[in-house]
Amino acid sequence: MKKLLIFLSLSLLFNHVISAQTTTVWIVRHAEKDKSNPQDTDPGLSDEGKIRVADLAKYLKKVKFDVAFATPTKRAHQTLDSLVIPKVIDYKDIKSLVDSIKTNYAGKTVIVAGHSNTVLEIIEAFGGKRPKEELTDDDYDYIFELSVKEDRARVKMDQYGRPHHL
């Protein structure tokens with residue numbers, strides 16, 4: 001009985017420690033896509049996008065990622081190609097993405113490649129406040145760092161690479 005109580009106490013303590021860990025989540029929109037073929041439903045990156053990917057790698061050169069998440073599009077995967085990441089996992093919806101990160105990657109460092117219409121929603125799903133009203137189709141240079149603890153997220157916004165609005 002005494003061993004059982006000790007085991008239960010340690011289990012509760014462990015669960016509390018795990019849930020109280022801070023997870024770092026970087027969120028970036030995919031780099032510029034190749035628009036040369038309007039019939040292509042899954043275009044890769046343009047030359048400008050490839051330059052942005054190199055800029056992203058420079059910006060994040062000191063960050064060690066445990067895992068990455070990308071939508072199943074070429075441009076999202078190619079945006080993460082220059083980073084050293086052990087595993088890239090496809091996601092299709094924001095809720096499953098957030099649930100997976102909170103459940104499986106608590107206390108880890110994660111990067112997510114999204115799209116102009118999902119990046120801010122992902123931030124909100126983690127419990128963060130939108131740092132911008134919206135991202136337009138021309139916004140490629142923003143990067144967001146979230147410190148996620150339980151259902152709250154502190155959000156920092158920055159820009160990298162060549163400014164997109166010139």
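From a predicted model like this one, the values you see are computed outputs, not experimental measurements. (Residues numbered from 1 in each chain as written. Predicted model: local features only at pLDDT ≥ 70, side-chain atom pairs only at ≥ 80, totals over all residues. Heavy atoms only, no water.)

Of all hydrophobic cores here, the largest spans 22 residues; its most connected members are Ile27, Phe69, Val112, Phe126, Phe144 and Leu146. At the level of secondary structure, the elements contributing two or more residues to this core comprise strand E1 (23-29), strand E2 (67-70), helix H4 (94-104), strand E4 (109-114), helix H5 (119-125) and strand E5 (142-149). Judged by nonpolar contacts, the second largest core, of 16 residues, contains Ala70, Ala76, Leu83 and Ile111. (Core = buried A, V, L, I, M, F, W, Y, C linked by side-chain atoms within 4.5 Å. Buried < 20%, exposed > 50% of the residue type's maximum accessible area, 1.4 Å probe, protein only. Helix = DSSP H or I, 4+ residues; strand = E, 2+ residues; numbered from the N terminus.)

We now examine helix H2 (residues 47-59). Here H2 is 13 residues long and its end C-alpha atoms lie 19 Å apart, about the 18 Å a rise of 1.5 Å per residue gives. For H2, the complete set of buried residues consists of Gly49, Arg52, Val53, Asp55, Leu56 and Ala57. Buried residues along H2 sit in contact with E1, helix H3 (74-80) and E5. (Expected span 1.5 Å × (residues − 1). Contact = heavy atoms within 4.5 Å.)

Among the seven residues that make up E1, seven are buried, leaving the element largely enclosed by the rest of the structure. Of the two faces of E1, the one carrying Thr23, Val25, Ile27 and Arg29 and the one carrying Thr24, Trp26 and Val28 are both buried. The pairing of E1 with E5 spans six bridges and is classified as antiparallel. Paired with Thr23 across the strands is Val148, a residue of E5. Bridging between E1 and E4 involves six bridges; their strand directions are parallel. Each residue of the ladder has a partner; that of Thr24, found in E4, is Thr109. (Pairing = 2+ DSSP bridges.)

Among all positions of H4, only Leu97, Val98 and Ile101 are buried. Down the axis, H4 shows its buried residues gathered within 90 degrees of arc, on one side only. For H4, the exposed residues lying more than 90 degrees away from the buried face are Lys95 and Thr103. Considering only its buried residues, H4 is in contact with E1, E2, E4 and H5. Taking the backbone nitrogen of Lys95 as reference, a side-chain oxygen 3.3 Å away marks Asp93 as the first, capping residue of H4. (Arc of directions from axis to C-beta. Polar contact = N/O pair within 3.5 Å; in protein donor to acceptor, adjacent residues only side chain to side chain.)

Here we come to the packing of aromatic side chains. Counting across every chain of the model gives four aromatic pairs. Measuring from ring centre to ring centre gives 6.3 Å for Trp26 and Tyr59, while their planes differ by 80 degrees; the resulting arrangement is edge-to-face. Placement of Trp26 in strand E1 and of Tyr59 in helix H2 is noted, with a sequence separation of 33 residues between them. Looking at Tyr59, the relative accessible area reads 31%, which means it is partly exposed. Between Phe69 and Tyr105, the ring centres sit 5.8 Å apart and the planes meet at 80 degrees, which makes this aromatic pair edge-to-face. Residue Phe69 is located in strand E2, and its partner Tyr105 is located in the loop between H4 and E4; the two are separated by 36 residues in the primary sequence. (Phe/Tyr/Trp six-rings, centres within 6.5 Å; stacked < 30°, edge-to-face > 60°.)

As for its placement among the helices and strands, Thr109 is situated in strand E4. For Thr109, a relative accessible area of 18% gives the class buried. Between the C-alpha atoms of Thr109 and Val25, which are 84 residues apart in sequence, the distance is 6.0 Å. Every residue in contact with Thr109, bar those within four places of it in the chain, is listed here: Thr24, Trp26, Val63, Lys64, Phe65, Asp66 and Val67.

What follows is about the pattern of salt bridges. Using the criterion set out here, one finds seven salt bridges in the structure. The salt bridge partner of Lys102 is Asp151, with a shortest N-O separation of 3.0 Å. With Lys102 in helix H4 and Asp151 in the loop between E5 and strand E6 (152-159), this residue pair connects regions lying 49 residues apart in the sequence. A relative accessible area of 61% places Asp151 in the exposed class. In this structure, Glu124 and Arg130 form a salt bridge, with 3.0 Å as the shortest nitrogen-oxygen distance. With a relative accessible area of 39%, Glu124 lands in the partly exposed category. You can call Arg130 partly exposed: its relative accessible area is 29%. Here the residues in one salt-bridge network are Glu121, Glu124 and Arg130, joined through shared partners. (Salt bridge = Lys/Arg side-chain N within 4 Å of Asp/Glu carboxyl O.)

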